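Fold and contact review
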Amino acid sequence: MSAHQIPISEIKFAAKTGFLSFKLWDQYFANGAHSWRLRQWKALVIRGYFKMHPSPRAGDVLVLNPKNPKVCELVPSISSPPYISQLFHDEVVASSLLRLKNEGLISGFKTEGELKAQAVGTIQPKSASEAIKYPDAIVNVANSKSIAIEVELTRKEYKRYYKIIGNYATKQYADMILFIGNSEGIFESLRKAMRENSYPTRSQPIGFVSCEDWKSNPVTAMIHFSSHTTNMHHLHTLEIKKPFVNQPSRDDGYGETAN
């Protein structure tokens, strides 16, 4: 980024995720020598496009400045910043999305924040227990198939998994769902919830992925379905050769769907 260049990619990305950490920026957006990168990172705030995360404990994490005219011009809405307790989780999700997009395996994506924003104005649940669980992200593979991504870093009470699977059993968010989990215990709870919800695996298959493998490389991390094992690279290749009939709308090049 030159002295007068507008950080368009960073602005659009942060609008989708609600934040931009130095770790993500340094890995996926920055270029040049280390000292130059540090100056450019600080310039994002100095030039008014970004500001520090509202919590001092967040460290090197920025959020968009909604009062900046160029930010308002480039993005129609901005996802809410993640809470401190959710920051590491959201960074894992965001990093995998950027890696998959840079590798050309996804044409676009929508985050949980974007999905929630789209739902504003629709019929809302009457209580917190009925609240809708949106995926952490939905990605488009080769403009032909959508995949919902759920990252589970810590094991929850079984009733939470039962509710999550029940939600997916009644709502077609995507063509398939990937659960990225930190332990086999998480997967066992999800499989139990699938059985007890009579989950329709044929219409919306669920795959399980080791969190460590996914963080290491989401392109080659093995995805375990009930009938076979694959990875994102293979799914992308299959979709290129044999696209599905029901295709999502095309993408404009940075995760925004163009109607």
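Scroll up to find the structure.
Residues numbered from 1 in each chain as written. Predicted model: local features only at pLDDT ≥ 70, side-chain atom pairs only at ≥ 80, totals over all residues. Heavy atoms only, no water.

**Notes on the layout of surface pockets**
A probe as big as a water molecule, rolled over the atoms, marks out the empty space that is left. Each pocket or cavity is described by its volume, and for the largest pocket that value is around 1,000 Å³. Lining the largest pocket are 40 residues; nearest its centre among them are Gln86, Asp90, Glu112, Lys116 and Asp136. At the level of secondary structure, the elements contributing two or more residues to the lining of the largest pocket comprise α1 (8–17), α5 (84–102), α6 (112–118), β6 (145–152) and α7 (158–170). At eight residues, the largest contribution of residues to the lining of the largest pocket is made by α5. When its residues are assigned to classes, the lining of the largest pocket shows 18 nonpolar, ten polar and twelve charged. Looking at the second largest pocket, its volume works out to about 410 Å³. What lines the second largest pocket is a set of 20 residues, among which Pro205, Ile206, Phe225, Ser226 and Ser227 lie closest to the centre. (1 Å grid on protein atoms, 1.4 Å probe; cavity = no way out; pocket = protein on both sides within 12 Å on 5 of 7 lines; lining within 4 Å. Points joined across faces, edges and corners; volume = space filled by probe spheres on them. Helix = DSSP H or I, 4+ residues; strand = E, 2+ residues; numbered from the N terminus. Nonpolar A, V, L, I, M, F, W, Y, C, P; charged D, E, K, R; others polar.)

**Examining the side chain of His53**
With respect to the element layout, His53 can be found in the loop between β2 (50–52) and β3 (61–64). What makes His53 buried here is its relative accessible area of 8%. Engagement of the side chain of His53 in a polar contact is seen with the backbone nitrogen of Ser55, the distance being 3.0 Å. (Buried < 20%, exposed > 50% of the residue type's maximum accessible area, 1.4 Å probe, protein only. Polar contact = N/O pair within 3.5 Å; in protein donor to acceptor, adjacent residues only side chain to side chain.)

**Topic: the packing of aromatic side chains**
As enumerated under the stated definition, the model contains ten aromatic pairs in all. Here Tyr168 and Tyr173 contribute two aromatic rings whose centre-to-centre distance is 5.6 Å and whose plane-to-plane angle is 80°, an arrangement assigned as edge-to-face. The pair formed by Tyr168 and Tyr173 is uniform in burial state, with each residue classed as buried. Measuring from ring centre to ring centre gives 6.2 Å for Tyr168 and Phe179, while their planes differ by 85°; the resulting arrangement is edge-to-face. Remark: Phe179 occurs in strand β7 (residues 176–181) and Tyr168 occurs in helix α7; sequence separation between them is eleven residues. On the basis of relative accessibility, which here comes to 1%, the residue Phe179 falls in the buried class. An aromatic cluster is built from Tyr134, Tyr168, Tyr173, Phe179, Phe187 and Phe208, whose rings are joined through pairwise contacts. Taking NZ or CZ as reference, Arg191 lies 4.7 Å from the ring centre of Phe208, over its face. (Phe/Tyr/Trp six-rings, centres within 6.5 Å; stacked < 30°, edge-to-face > 60°. Lys NZ or Arg CZ within 6 Å of the ring centre and 35° of its normal.)

**Let's talk about the pairing of strand β5 (residues 137–141)**
Among the five residues of β5, five are classified as buried, and the element is accordingly described as predominantly covered. Neither face of β5 is left uncovered, since the one carrying Ala137, Val139 and Val141 and the one carrying Ile138 and Asn140 both have all their residues buried. Where strand β4 (residues 108–111) lies against β5, four bridges are found, and the strand directions are antiparallel. Along β5, the bridge assignment pairs Thr111 with Ala137. (Pairing = 2+ DSSP bridges.)

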